[in-house]
Each structure stands twice: as C-alpha cells, then as structure tokens.
Amino acid sequence: MIALAARTARARAGTLAGPFIALALGTALLSAVVINMIADAEYGAGQPRWYTRPAVVVAGTGTVRVTSGSGGDRETESVRAGSARAVPPAAAARLRALGVPVIADYASPAHAAGAPGTSVHPWAAAALHRYSFVAGGPPATAGQVVLTAPTRLRPGQQVTVQTTAGPRRLEVSGVIATPAPAALYAAGPVAARLAGNRIAAIALLPRAGAAGLARQARQATRGWPVQVLTGRDRAAAEPGPDAGLAAMAIAVLGTAAGLAAFMAIFVVSGTFAQSVTARRRELGLLRAAGATAGQLRRLVLGEALLIAILATLPGGLAGALAAASLSRYMARAGVGPPGLATHLALWPVAAAAGACVLIGVAGALAPARRAGRIGPAEALREAAADRRVMPLSRWIIGLAALAGVVPLLAALAAVHSADGAALVLPAAMVLILALVMLAPLAVRPLAALLAPLAGGGSAAGLLARRSAVTAVRRTAAVIAPVVLTAGFAGALLAGNDTLYRTQQVTAAGRVSAPVTVTAGPAGLSSRTVAAIRSAPGVSAAVPVAATTIYVRSSDEPDDWSAQYAGPGIGQVLRLPVVAGSLARLTGTGTIAVPAGTWRLGQTAQIWLDDSAPARLRVVAVYASQIDLGNTVLLPWGLQAGHAAAPLATSVYVRMRPGASLAGVRAAAAAGGGQAVPTRQYLAAVTTQQQRRNDAALATVLGLALLYSWIAIGNTAAMGTASRRGELGALRLAGATRAQVLAMLGWETWLGTAIGLLLAAVATAATLLGVRFCLAGVSSGTQLVIPWQQAGLAALGALAIAELAGLAPAVWALRRRPAG
C-alpha cells in the first residue's frame, strides 16, 4: 500500500499541494519557534558578558523559591526575580580576608545624554571584562567619568549625568570600547556613594583554582543570602533588564506554535476529507477489486505520511535559516529581547519535523476511517449524489464543542474579573469549532437568506444557489476555513481590543492629577522630586515607581504588579478603597491590596523584586478593578532598602488654581524628566502598550490567517478540479464559458458569505463574553469592533477562494466542448 500511496500521491500532486505547503510551513515555523524558545529560556543564563575575567563572582540571591509538601514529597518551585539582593557588607569583608584580589562592583542607575549605558560603576569594574581605550584615560578625580563607545563626546568635554543624587556635571576623561554591556565608569568612592554603598557583586579575580576558591568563598559567606558563581553561572549575577521580554516571547511563540499545529491538522484533514469524497468511485472500485477496508485506510494514511516526510525536509531547512530573522522581528516589535543569539542545532529541527509528521498523520486519521467505510455499491451510488452530509462524527464533535462553551462561560461568571477575560478566547475557539462541525446544517437556510444577493435573477446565480444547496458537503468544505479565518480574526482582535480599551479608559479615569512628570532612562532622583514639590504653585507631588512582587499561589511563586507610592497617593489617584486608608501607607512595613487577597490588618507575606521576603501589614483594601487586579501599593520608604536609591518612574503633580507650570517644567528638565499633561502621558503609555499588544497579536494572527488562506485556496481548487465533468456538461448544454465561470464565482461567493455570517456569530459571542466578564470590574466596557482588520481578513478569504476556484475552471474550459 505504501508503493500504491506513492503512485497515487504523485498522480494527484496538484491537489496535495495544500497539505504539503501547510506541513512545510509548519515544520519551518516550529523549527524557528523551538530554536527561539530555547534561546529565550537561556537568555541571561548564557555566557557572561560583564564578569568575564573573574574566576568567582559572589552576588546576592535573586531567586524566589516556594516549597510545598513534606518528607519525600517536598517540591520546590522557583522563579528568577527581576533583580538580586545586595551583598551584605559583612560578607564582603569576609571575602576580602581570603587574600586574593577582590573588586567590589557597585551599580546605580545613571544616564548621560549622547552616550550609551544606563548605570554607573567604579572604574575598577572595567577590569572585570575586556576593554581598550578609544581616547583619553581613566578618571583621575571625583569630577570625571569614562564613557562607552560609540559616542560623539571626547575627553575634556563636559557632560550632564543624571544620577541617583540628581544631575551632575562631569568631565569626560576617556572613552572605551568593550564587548561588555555599555555603562559609565566613575571614581570608586563616587560610584559607591551613588549606589548608597550597596554592593551589587564581589569579583574574585584569580583564574587558576576556581573550584577551590569557590569552596572558600562559600565557606566564608555561609549564612548570608548570597550565591557563589563560576563559569557560565557568572552570567546570573549580571542584570537582565529584558528578562520580561524573554518571557513574553516564550508565551507568544508557544501560542503561535500551538496554533500552527492546530491549523496544520485542519488543512491536512480538510484536504484528505475532500480527496476521499472526490475519489469515492476510485475507492469503491478498489474495494470491488478485493481491497479491504484496512488497506484503504492505510492508503490514505500512507499518502499523508509521504507528504509529511517530503514537506519536513525543505521546511526544517527554512526554519533553521529563519530563526534569527524571527528573533530580530520580535525584538523590533517589542515582544522579544534585543540581541538574542540563536544557535542552529539539529535536534530542534528534528523535533519539529517529527511533530509535523505526526500532525500530518493525525490530520488524515478521520478521512482514512471514512475511506475504510466505503463499500463498492455505496461508492457507486454516492458518486452521483450527496448523501449523509452530517455523519455521526460531525454531530458528536459539533454538539460536544457547543456544550463545551457552557462550562467556559460558567467559569467566566465565577471569576467575574479581568482575569476571567483570558477564558473568552478559548470559549470563542470552542464555539468556532462547533460552527465548523455544524456548518452543513446552516447551508440551506443561510443560502436562502443570501439568495437575492447571489447573482440576482441571472441563470448563473440560479445555478450557483442550486449547486450550493445540493452539494452541501462541497459548500461546507468552503465554509469551514472561512469561519476559522474570519471568526478567529474577529474574536481575537475584538476580544483583546475591547479588553485593553476598557482597561486603558478605566486607568485613565483613575488619575486625578492634571500633570505628570515622566522620567528619563535613569529615573527621577529624590532631589528632583523635592525640586518639583517645591516649585511655585504645586499643591501635591507624589512619586511612584513601578516594580514587581511575588506571591505564593498554588504552591508556586506568581508575579504581581506593584507600585511604590509616595505619601499623599490618595490625593492624585482615585482608588476605590473599601477598607482602611491609603494615608496609613507609610514606613516600610505596610501594603495596600485588592479585595479578595488579604483582609485589613492581616500580614501579607510576599517577595520583593530583589527576591527579599517581606511581611507587610495590610492598611488599605480597594475594590478589584480591571486596572487594579493583582496590583498592590507599597510604601515609598520600602524601596530604599531594596534598590540603589529610591528613584521614581513618574511624579503625579497637582497645581493650585491659576498656577504656572514653568517651575515644574524647569525642575523636571533639570532632573532628566519632562512635565506633560496627564492625558498626554496616559495616551503615550496606551499607544506603547497597544503597539506591543498589536505586535503579539499580529504574530499569532498572521500565522492563523496564513494557514486559513492555504486551506481556503486548497479547498476551492480541489472542489473545482473535481467538477470537470460537470463543467463540460454545462458547456455541452449551451452555457458559455463566461456563464460557467460566473456560476462558479457566485457559488464561491455564497459559500464565503455563509462562512462570514457564522464567523460574525463567533465574534459577537466573544464580545458578549468580554462584556459580561468585565461588567463587575469596570465602570463601562468599551466595545471595540475591528472593522478594518476583520474586513481585510474577509476580503482576503474571498479573493483567495475566488482565484483558487476559478483558476482550475479557466484551465479546464480552455478548449471547446466536444459535441
């Protein structure tokens, strides 16, 4: 049967182009995705770039661990925090006593206009990696700084550096070139003072005997929250500012890979299902010649296996070559870390190829079972008539999928919060699957509804309508990929855009301060905040700083959003406090939380962004809203003990009536910030978030549309190619070539229109689900219908279906019919 499958596949190469392209594309995509996911998972844990010369690096711990169970059933889940704790001074003193060269690396945020780098280190830290002077030399005084190339600044020039102590005017003493991350280098005492004497890491320089030195370092620092690192592990001591982007990239790529697998199965299944329908006479004759049902099943599966194997070869090569391009695209789109190094490896390509072979065979299982059920007489009868358009399998899958929407909607009702919106899209996808399976039931009523629009009263339109309702299977085959294309595009875009628009509008209404001071790359120092607060006309200036905390959830650490908030936060934010008061959010041991987590007066046990555990008393509880879910407020004083300095990412400002903003603008500009109307600031934040969200959706949705369009084109082409005899009969009956093509065009339009109507049902259900989900967590849901994007997806589906359906007909009708 394998040899026969090879011959039949070769004879039907044109009709099998769809699954070949789908599987080749799937292999390429999965190969590129797996290669990038491996690189993203290893991001920040690869070869060190800053600590390349030390044999041993001692840094504060930066991992949050949650242990559950007891005895032999103990399990520990861990996650790398956004930053690491400081090295305790006592531990540093112990390390210096080991008698080896030691460099204490201090690091604090800093930025100089016209030079790369967002942190300042002591000049001694330059010895931790390779460098060479482009110009000048090391800093000789406290008023000098070394910059990293490329920069237009030269030795002797003055530059304003925004530091944790405010702006400082320094002289450029030198410029270096280094493969290490860009940074600024100041005199040792200056760097230590700017970092608040907070030691980021201790580097032990000797290369020889690293293992023995590491043992001594562990012995010397036992009992302190530090980690002793050697070899590749030294990279763990280096900051990973784009670790969040790496996690986002993994999530987007994982979704895209799952979607690609689903769509590839659909393309293969749809193609082979149509093939079995069109070959009923051929398969029936094989049964009459003595072929068993099992042999026919193996014939169809053999064809699928051969196509899958052949498709994985070019697909795997293309995916390996495209992996780097994919990482660059995601970095430009803001959904992946910049400068990600992908490495070609055989096993990701082999794994992707194996997965696509399984996908190809899985997609052909249902058509193969159907082929095995064909008997000689049944095949000859059904060759001329379309019977049993709803087999038992379609009823079971369709009704099961329709019923599956109910528990998802019930879960939505139970969650009834912004988190529940994550269940809307799965519900929409289950509904789309139900619509695809039950589509044959909708052909006749929807065709009657659309009849006046399908060709009017022309003979071609009448034939198209009759053909569509007579050959229900063929029409349903056209409908299915259209429902997937437009339904998935509409549900994904409408659901996400509605969610984000509602969140943005709610958040914008939360800020009552009319002016916001935004920070530059180095943040706003306490000196700058004080200058803004003392500017003429200012009645309140409240700094905030975005951060992340970790909460134990289901025996594993879960990251939550958080903000350090200065005193008076209630004057600039409208928070729906239901218990306690934000005025009590002071000191270093308090916290404000959303309802449903902790109660007023309880102790919240969390981990801060540097992985340090904290026990904080709940002094305020606010209602859980779409923009406040899993978001806590921390007292401003708590930040100082867990960062180089209490820097603000923004300052909310209230002005006295009639006061001028000139003083606020001057103070903000001096500190590297900018004073703008809050409405303008929120619009900029919204635009940036929307751009990143759109890029993630485009990555996922683009792949879905590509697969769907392949399915649409393949289905339409196969449907027309199988009707050559019918088209010839129409020509013999007196129909002109234009009339035959018009009939095919109107029939394709009718099937596509029915699919778009069903897709609209799925989109409407998604919007209703989002609205229901957000009813209790927002003041008003902002429904968004992406008419332009959905319209383009629909027009693309119609254009591909028409072109793919008419091209075989034009070829078949190129000759005059024989009389």
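One structure accompanies this document, and this report is about it.

What counts as what
- Position numbers for residues count from 1 along each chain, tracking the sequence in the order it is written.
- Local features in a predicted model are, by the rule used here, given only for residues with pLDDT of at least 70; side-chain atom pairs are given and counted only at 80 or more, and totals for whole chains, interfaces and linings are based on all residues.
- Processing note: side-chain calculations cover all non-hydrogen atoms of the structure and skip hydrogens and water entirely.
- Each helix is a run of H or I in the DSSP string that is no shorter than four residues. Each strand is a run of E no shorter than two, and both are numbered from the N terminus.
- Exposure categories follow from relative accessible area, calculated using a 1.4 Å probe and restricted to protein chains: below 20% of the type maximum is buried, above 50% is exposed, and the middle band is partly exposed.
- The contact criterion used throughout is that any non-hydrogen atoms of two residues lie within 4.5 Å.
- Where accessible areas are quoted, they stem from the Shrake-Rupley method and a 1.4 Å probe; at the residue level, only the protein chains shown are allowed to cover.
- Two strands pair if DSSP finds at least two bridges between them.
- Only the stretch in contact is used when a helix axis is fitted, and all axes are lines through C-alpha atoms; the angle between N-to-C directions ranges over 0 to 180 degrees.
- Among buried residues, the Ala, Val, Leu, Ile, Met, Phe, Trp, Tyr and Cys ones that are joined through side-chain atoms within 4.5 Å form a nonpolar core.
- By definition, no residue in a patch forms a salt bridge, and every one has over 30% relative accessible area; like charges are joined within 9 Å, nonpolar side chains (Val, Leu, Ile, Met, Phe, Trp, Tyr) within 5 Å.
- We define a salt bridge as a contact between a side-chain nitrogen of Lys or Arg and a carboxyl oxygen of Asp or Glu at a distance within 4 Å.
- In this charge count, Lys and Arg are treated as positive and Asp and Glu as negative; neither His nor the chain ends contribute.
- For this purpose, a charge sits on NZ of Lys, CZ of Arg, CG of Asp or CD of Glu.
- Here a pair means two rings of Phe, Tyr or Trp (six-membered ring of Trp) with centres within 6.5 Å. Their orientation is stacked below 30 degrees between planes, edge-to-face above 60, and tilted elsewhere.
- We call two directions roughly parallel when the angle between them is under 35 degrees, roughly antiparallel when it is over 145, roughly perpendicular when it lies between 65 and 115, and oblique otherwise.
- When the near helix sits turned anticlockwise from the far one by under a right angle, the crossing is termed left-handed; a clockwise turn instead gives a right-handed crossing.
- Amino acid classes used here: Ala, Val, Leu, Ile, Met, Phe, Trp, Tyr, Cys and Pro are nonpolar; Asp, Glu, Lys and Arg are charged; the rest, including Gly, are polar.

### Observations regarding the overall build of the protein
Piece 1. A tally of regular secondary structure across the protein gives 22 helices and 24 strands.
Piece 2. Each of the 819 residues in the protein was classed as buried or not, and the buried ones make up 49%.
Piece 3. Across the protein, contacts joining residues at least 24 apart in sequence account for 82% of those joining residues at least 6 apart.
Piece 4. With an accessible surface of roughly 35400 Å², the protein has 60% of that area assigned to carbon and sulfur atoms.

### Focus on the environment of V572
Piece 1. Among the secondary structure elements, V572 is positioned in helix α17 (residues 569–572).
Piece 2. By relative accessible area, V572 is classed as buried at 0%.
Piece 3. Each C-alpha atom of the pair V572 and V651 lies 9.8 Å from the other, and the pair is 79 residues apart in sequence.
Piece 4. Residues contacting V572, with those up to four places away along its chain left out, are R510, V511, S512, A513, V542, Y652 and R654.

### Some words on the sheet that holds strand β14 (residues 226–229)
Piece 1. On the basis of which strands lie adjacent, the open sheet formed by four strands has the order β4-β13-β1-β14 and antiparallel pairing. Of all strands in the sheet, those with a lone pairing partner are β4 (102–106) and β14, marking the two edges. Taken pair by pair, the neighbouring strands of this sheet meet at an average axis angle of 20°, ignoring direction.
Piece 2. Summarising the sheet, strand β1 (residues 56–60) and strand β13 (residues 199–204) pair through four bridges and their orientation is antiparallel. For V58, the partnering residue across the bridge sits in β13 and is I202.
Piece 3. Packing of helix α5 (residues 210–220) onto the sheet brings it into contact with β1, β13 and β14, and relative to β1 it is tilted by some 30°.

### Side note on the nonpolar core
Piece 1. By size, the foremost hydrophobic cluster in this structure holds 36 residues, and its most contacted members are V517, I549, I591, I606, L634, V651 and V653.
Piece 2. The element contributing the most residues to this core is strand β16 (residues 538–553), with five residues.
Piece 3. Core analysis: the second largest hydrophobic core is formed by 29 residues, L29, I35, A323 and L492 among them.

### Regarding a nonpolar patch on the surface
Piece 1. Judged by side-chain polarity, L392, W395, I396, I397, L399, L402, L433 and L441 come together as a nonpolar surface patch covering roughly 700 Å² of accessible area.
Piece 2. With six residues, helix α11 (residues 392–415) is the largest single contributor of residues to the nonpolar patch.
Piece 3. Within the secondary structure, I396 sits in helix α11.

### Points about a positive patch on the surface
Piece 1. On the surface, a cluster of positive charge is contributed by R297, R298, R369 and R373.
Piece 2. Structurally, the position occupied by R298 is in helix α8 (residues 293–333).
Piece 3. Judged by its relative accessible area of 47%, R298 is partly exposed.

### As for the packing of aromatic side chains
Piece 1. A full pass over the atoms with the stated rule returns seven aromatic pairs.
Piece 2. Arranged with centres 5.9 Å apart and planes meeting at 85°, the rings of Y131 and F133 form a pair that is edge-to-face.
Piece 3. A relative accessible area of 32% means that F133 is categorised as partly exposed.
Piece 4. Pairing W560 with W598 gives two aromatic rings, centres 6.0 Å apart and planes at 50°, and the pair type is tilted. Here W560, found in strand β17 (residues 556–565), pairs with W598, found in the loop between β19 (590–594) and β20 (603–607); they are 38 residues apart in sequence, far enough to count as distant. For the pair shown, W560 and W598 are each scored as buried.
Piece 5. Following the ring pairs from residue to residue traces out a cluster consisting of W50, W123, Y131, F133 and Y185.

### Points about the side chain of T61
Piece 1. Note on placement: T61 falls in the loop between β1 and β2 (63–68).
Piece 2. On the basis of relative accessible area, T61 is assigned to the buried category, the value being 17%.
Piece 3. Each residue touching T61, except ones within four places of it in the same chain, is listed here: A84, R85, P225, V226, Q227, D610 and S611.

### Focus on the packing of α8 against helix α9 (residues 346–372)
Packed helix pairs are characterised by how far apart their axes lie and by the angle those axes make with each other.
Piece 1. Where α8 contacts α9, the axes come no closer than 8 Å and their chain directions differ by 155°. Accordingly, the angle class assigned to the pair α8 and α9 is roughly antiparallel. As α8 runs across α9, the sense of the crossing is right-handed. The residues of α9 that touch α8, namely those facing A293, L296, R297, V300, L301, A304, L305, A308, I309, T312, G316 and A320, are V349, A353, C356, V357, G360, V361, A364, L365, A368, R369, A371 and G372.
Piece 2. The residue makeup of the contact of α8 with α9, split by class, is 18 nonpolar, four polar and two charged.

### Brief notes about the pairing of β19
Piece 1. Of all five residues that make up β19, five are buried, and the element is covered over most of its length.
Piece 2. Here β19 shows a buried face lined by T590, A592 and P594 and a second buried face lined by I591 and V593.
Piece 3. Pairing geometry for β19 and strand β21 (residues 613–622), over five bridges, is parallel. Its bridge partner being in β21, T590 is matched across the sheet by R617.

### Re the pattern of salt bridges
Piece 1. On inspection of all chains with the given rule, the structure shows one salt bridge.
Piece 2. Taking the shortest distance from any N to any O, the salt bridge between R198 and D610 comes out at 4.0 Å. Separated by 412 residues along the polypeptide, R198 in the loop between α4 (188–194) and β13 and D610 in the loop between β20 and β21 bring together distant segments of the chain. Like R198, the residue D610 is buried in the burial classification.

These values are about where atoms sit, not about what they do.
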